[in-house]
Each structure stands twice: as C-alpha cells, then as structure tokens.
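# Structural characterization, general
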Amino acid sequence: MPGSVPVAEAVDGRQVRKVALSGLLGTVIEYYDFLLYSTMAALVFGTLYFPGSNPAVSTIAAFGTLAAGYVARPLGGLIFGHFGDKLGRKSALVMSMVLMGVASVLIGVLPTYSSIGLTAPVLLVLLRCVQGIAVGGEYGGAALMVIEHADSRRRGAWVGVMQAGSPLGSLLSNGAVALVTLLPREDFVSWGWRIPFLASAILLIIGLYVRLSVVESPLFRQAMAKAGERESLPLLRVLRRPRAVLLACAAGIGPFAMTALIGSHSVAYAKGLGYDLPDIMRAHLLISLTGLIGIPIFSALSDRIGRRRVLLIGASGAVLFAFPMYALLELRTVPAMIAALVIAQIFQNLMYAPLAPMLSEMFGTRVRYTGVSLGYQMASLLGAGFTPMIAATLVAGTGGSSLPLSCIIVGAVGVSIVSVLLISETRGRDLGEQR
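Residues numbered from 1 in each chain as written. Predicted model: local features only at pLDDT ≥ 70, side-chain atom pairs only at ≥ 80, totals over all residues. Heavy atoms only, no water.

## Concerning helix H9 (residues 194–211)
Over its 18 residues, H9 extends 27 Å from the first C-alpha to the last, a length consistent with the 26 Å expected when each residue adds 1.5 Å. When we look at burial in H9, the residues that qualify are Arg 194, Pro 196, Phe 197, Ser 200, Leu 204, Gly 207, Leu 208, Val 210 and Arg 211. Contacts from the buried residues of H9 go to helix H1 (13–49), helix H3 (89–108), helix H5 (119–149), helix H7 (165–180) and helix H8 (185–192). (Helix = DSSP H or I, 4+ residues; strand = E, 2+ residues; numbered from the N terminus. Expected span 1.5 Å × (residues − 1). Buried < 20%, exposed > 50% of the residue type's maximum accessible area, 1.4 Å probe, protein only. Contact = heavy atoms within 4.5 Å.)

Next comes the structure, spelled out in structure tokens:
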C-alpha cells in the first residue's frame, strides 16, 4: 500500500458513523438547494426574473445567475477553510449549513421581475452567491471531517457515505421538481416552483440537530495542541507550495463539467429536442439513483485499487462516450435519453467518487480544510460554473448542434486525466504528516 500508515489509530466506530451521517445530511442539504436552483434556472427563472422576447436569451441569462453561485464557491472555500483550519471543523460546518438553508428559503419567497422590477434579478443573484459561499465551505469540511475520524484502510468507504449526499440531494431536488411540475403550468409558474425551496427548512432543522452532536476532528485537536503560537495563515501556507492545490483543481474539472452538462444543461437541451418535461425529470430521478448507488461503491473501490485508478477508468469511459451520449439523445426516444444520461452518470461517478479522499490526503492537517476547499471549489468553478451558459450559447449559435457539447466533455476530462497522471497515489497516506 502506498504511503505510510500510522502505527496506531484510535478509531471510535460510533463517532465515525455519526460524523458520516452528519456529513451525509449536510451534503444532502447543500446539494438539494444548490441543484434545485440549477433546475429552476432551466425551467422558470428565465421567464420570471429575466423576461425577454427571445426564450433562448432568457435561458442564457438564467444560467448566468447559476454561474454566479459557482464564482462564489471558491470564496466560500477560502472563508470557511480559514476558520475551519484555525478554529475547528465543526463550527465552520454548522455555519455553512445555516447559511445555505436561509438563502434557499429566501429564494422561495423572492418576488419576481413583474412585481419589483430589476431588484428581483439582483436579489436572486445575491442569494445565489450566498448559496455558493455556503457550498464552498461545506464539501471540503464535511469530507475531511469524515476522513480525519476514519481508519486509514476505509477512508474511501466512509467518505462514500458522505458523498452519497450529493446524489441523494439531487434525488430529493429532482423529486420535488417532478412533483410540482405535475401542477397545471400556470400554477407551477405562479407559485408551485417555490414549494421545494421552502421545504429546505425541514432538511435544515434535521441536519443541524445531527451536526451539533458530533465531536471535533481528533487530528485537528492533536494538530492544535502541537502548533506554535505564531502560525501563518492557512492560505499562505497552501500557496507557498501551490502544486498540490493546482493539481487538485485540475483533477476535478472533468467530473464537474459532466455534472453541469448531465444535471443542468441536459434539461434545457432535451426540452429543445422535443422531450416532454415529465419524461426529462423522470430520467433525472434515475440519474440521481445511479449516483446514490455508484458513488459509495466507487469510493470504497478506491480503498482497494487506488484513487487514481478509479478516476482514470471513469475519465477514459467519459471521453469514449462523449459523442455517443448526444447521438442517443438525438434519437428523441425516452429509453435512448435515459440510456445516454445514466451511462454518462456512471462515468461521472467513477471520476467524482475518489476525488474527496484523494484531495484530503494531499494536504497536511493544519491546511487541509483550506487546501481541499480551494482545490475542489476552483474545480467546480472552472468545470461547471460557466459550462451550462457556454453550452446554451454554443447550441443556440450552431443551430442546435451537439458537437460543441461533446468537445467540452473531451477537453475538460482530458485536463483531469493529465493532472491525475501527475499526482502520486494517496491511498493509505498518514494524515498526521505535516506537508
């Protein structure tokens, strides 16, 4: 096994399970709210907040607000990473959860352009940025909190439980949208779309109850006990040796680009091909179920065969499937659409699942929250932040051609392949080492 394994690891199984559950619920809330916005941007936000004579222009503008959330994610990673590395993981994670829940509820009661004019899209962008800041602080902290509690031989398996929150949040989000889209079109556009945002308050209450009951990371407590009084800022320590954070960022660009195309842009693209909205949403429910099963399995698999190998298998498949995916969609049959999106999701899951343990094992304890959050959220910005908007623009500019979309996948996944080949295998590495 690569790397050195700690001589002794005191692992509290009950606490690991509680931390994994806390991470799962936190990730569910963050991704439910964040992806709910993505879907509504494709369905109604263009009409309600960016009205115009050209529906394509309105959709592009709505995807622009989607990008604003991704722009804010690295800022959230820096803010919460700093306090998580200086003051503790638990307090930073509680605050990120509260921030996301409040922002989502406010979106659910936000007046539209027809009621308050330009103030409506401005407030929508602001709340989207708050969502982005919250997500920026959540993922890295939740992942490393689980990993810092777990046995070195099962880090991938335990963090896979936490990462299942992403497809579970997506499943709940798509399920909520599928339910409200059953309403008459006028009711859905008028008030029905608000219900899923308001429902996030229930998830917030449950998540906070569990998160407040977990203990601080034992590795962080040990590192704080050994630290000198004059520790430099975590960000400065990370940037002194930037190779790790740059490679971490590049490794995540491919899976994030696929997330943006499969989970967000495919809704608008499939509608443009003539698919019915209920069929599209049912396909997205299957995508979420695929991730709910695949991510924990592939994350645990990385404990056995290595983080790099699992990621490279997924990346190779994604490149080979980039063109067949859209060829299947263009058959305009529901089974073909489901096959295209589910197969693409499997390759995305193979790339995404080992990312959290790999990134967490690339940084030392005193800078891990900052390093993981910065690398992961920069990857989300570059890989997914502008991808739906760029994709919608390219499709509109080429008369509906899918060729640019396949090229986006090949290019983004290619970046991930190169970066992973430059990263040494991290499986089994001693997290107590100060790097």
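## A word on the environment of Gly 132
Structurally, Gly 132 is set in helix H5. In this structure Gly 132 comes out as buried when scored by relative accessible area, which is 0%. Distance in space between the C-alpha atoms of Gly 132 and Gln 377 is 9.5 Å, their sequence separation being 245 residues. Those residues within four positions of Gly 132 in sequence are excluded, and the remaining contacts are Phe 34, Gly 69, Ala 72 and Arg 73.

## Examining a nonpolar patch on the surface
The grouping of Val 71, Phe 386, Ile 390 and Leu 394 at the surface amounts to a nonpolar patch, some 300 Å² of accessible area in total. Considering the arrangement of structural elements, one finds Val 71 in helix H2 (residues 55–86). Among the residues examined, Val 71 registers a relative accessible area of 42% and is labelled partly exposed. (Patch = residues over 30% accessible without salt bridge, like charges linked within 9 Å, V, L, I, M, F, W, Y side chains within 5 Å. Areas by Shrake-Rupley, 256 points an atom, 1.4 Å probe, with all protein chains shown as cover. Salt bridge = Lys/Arg side-chain N within 4 Å of Asp/Glu carboxyl O.)

## Points about the side chain of Asn 349
When you line up the elements, Asn 349 lands in helix H15 (residues 334–352). Within polar-contact distance, the side chain of Asn 349 engages the side chain of Gln 348 at 2.9 Å. Those residues in contact with Asn 349, other than ones at most four positions away along the chain, are Thr 290, Gly 291, Gly 294, Ile 295, Phe 298 and Pro 354. (Polar contact = N/O pair within 3.5 Å; in protein donor to acceptor, adjacent residues only side chain to side chain.)

## Overview of unusual backbone geometry
In this structure, Arg 332 takes a positive phi of about 60° despite not being glycine. With respect to the helices and strands, Arg 332 occurs in the loop between helix H14 (307–329) and H15.

## Observations regarding the pattern of salt bridges
Here the structure, examined in full by the defined rule, presents nine salt bridges. Between Arg 153 and Asp 151 there is a salt bridge, with the nearest N and O atoms lying 3.0 Å from each other. Judged by its relative accessible area of 16%, Asp 151 falls in the buried class. Here Asp 279 makes a salt bridge to Arg 282, at a shortest N to O gap of 2.6 Å.

## Focus: the confidence of the model for the chain
Averaged over all residues, the pLDDT of the chain is 86; the fraction at 70 or higher stands at 91%. For residues 1–10, every residue scores under 50 in pLDDT, and the model assigns this stretch 19 contacts once sequence neighbours within four places are set aside. (pLDDT = per-residue confidence, 0-100.)

## Focus: the packing of aromatic side chains
The final tally for this structure, using the stated rule, is 11 aromatic pairs. Taken together, a centroid distance of 5.0 Å and an interplanar angle of 65° make the contact between Tyr 37 and Phe 45 edge-to-face. Here Tyr 37 matches Phe 45 in class, with each residue buried. When the centroid spacing of 5.5 Å and the interplanar angle of 90° are considered together, the rings of Phe 45 and Tyr 49 count as edge-to-face. Taken together, the residues span about one helical turn, with Phe 45 and Tyr 49 both in helix H1 at a distance of four residues. For the pair Phe 45 and Tyr 49, a shared accessibility class is recorded, and that class is buried. Connected via pairs of aromatic rings, a cluster forms that spans Tyr 37, Phe 45, Tyr 49, Trp 193 and Phe 197. (Phe/Tyr/Trp six-rings, centres within 6.5 Å; stacked < 30°, edge-to-face > 60°.)

## Topic: the packing of H3 against H5
When two helices pack together, their arrangement is given by the angle between the helix axes and the distance between those axes. Relative to each other, H3 and H5 sit at 150°, their axes nearing to 8 Å. One element, H3, and the other, H5, form an angle in the roughly antiparallel class. Crossing of H3 against H5: the hand is left-handed. A class-by-class count of the residues in the contact of H3 with H5 yields 15 nonpolar, five polar and four charged. (Axes fitted to C-alpha atoms, helices over the stretch in contact; angles between N-to-C directions. Parallel < 35°, antiparallel > 145°, perpendicular 65-115°, else oblique. Left-handed = near helix turned anticlockwise from the far one by under 90°. Nonpolar A, V, L, I, M, F, W, Y, C, P; charged D, E, K, R; others polar.)

## Regarding the environment of Tyr 32
Tracing the backbone through its elements, the reader meets Tyr 32 in helix H1. Residue classification places Tyr 32 among the buried positions, given a relative accessible area of 4%. Considered as a pair, Tyr 32 and Leu 171 are 139 residues apart in the sequence and their alpha carbons are 7.9 Å apart. Every residue in contact with Tyr 32, bar those within four places of it in the chain, is listed here: Gly 169, Leu 172, Ser 173, Ala 176, Pro 196, Phe 197, Ala 199, Ser 200 and Leu 203.

## Re the environment of Ile 253
Inspection of the secondary structure puts Ile 253 in helix H12 (residues 243–273). As for Ile 253 and Arg 241, which are separated by 12 residues in sequence, their C-alpha atoms are 20 Å apart. Beyond its immediate stretch of four places on either side in the chain, Ile 253 contacts Ala 379, Leu 382, Gly 383, Ala 412, Val 415 and Ser 416.

## Things to note about H15
Taking 1.5 Å per residue as the helical rise, H15 with its 19 residues ought to reach 27 Å, and the 26 Å between its terminal C-alpha atoms agrees with that figure. Looking at H15, one finds that the buried residues are Ala 336, Met 337, Ala 340, Leu 341, Val 342, Ala 344, Gln 345, Gln 348, Asn 349, Leu 350, Met 351 and Tyr 352.

## Topic: the packing of helix H13 (residues 277–305) against H14
Where H13 contacts H14, the two axes come as close as 7 Å, and the packing angle between them is 130°. Looking at the two axes, H13 sits oblique to H14. Where H13 abuts H14, its residues Phe 298, Ser 299, Leu 301, Ser 302, Asp 303 and Ile 305 lie against Arg 307, Arg 309 and Val 310. Per-class residue counts for the contact of H13 with H14 are four nonpolar, two polar and three charged.

## Regarding the side chain of Arg 73
Residue position: Arg 73 is located in helix H2. Nearest to the buried, unbridged Arg 73 among oppositely charged side chains is Glu 30, at 8.6 Å. Every residue in contact with Arg 73, bar those within four places of it in the chain, is listed here: Tyr 31, Phe 34, Gly 132, Val 135, Gly 136, Phe 256, Tyr 376, Gln 377 and Ser 380. (Lys, Arg positive; Asp, Glu negative; His and termini not counted.)

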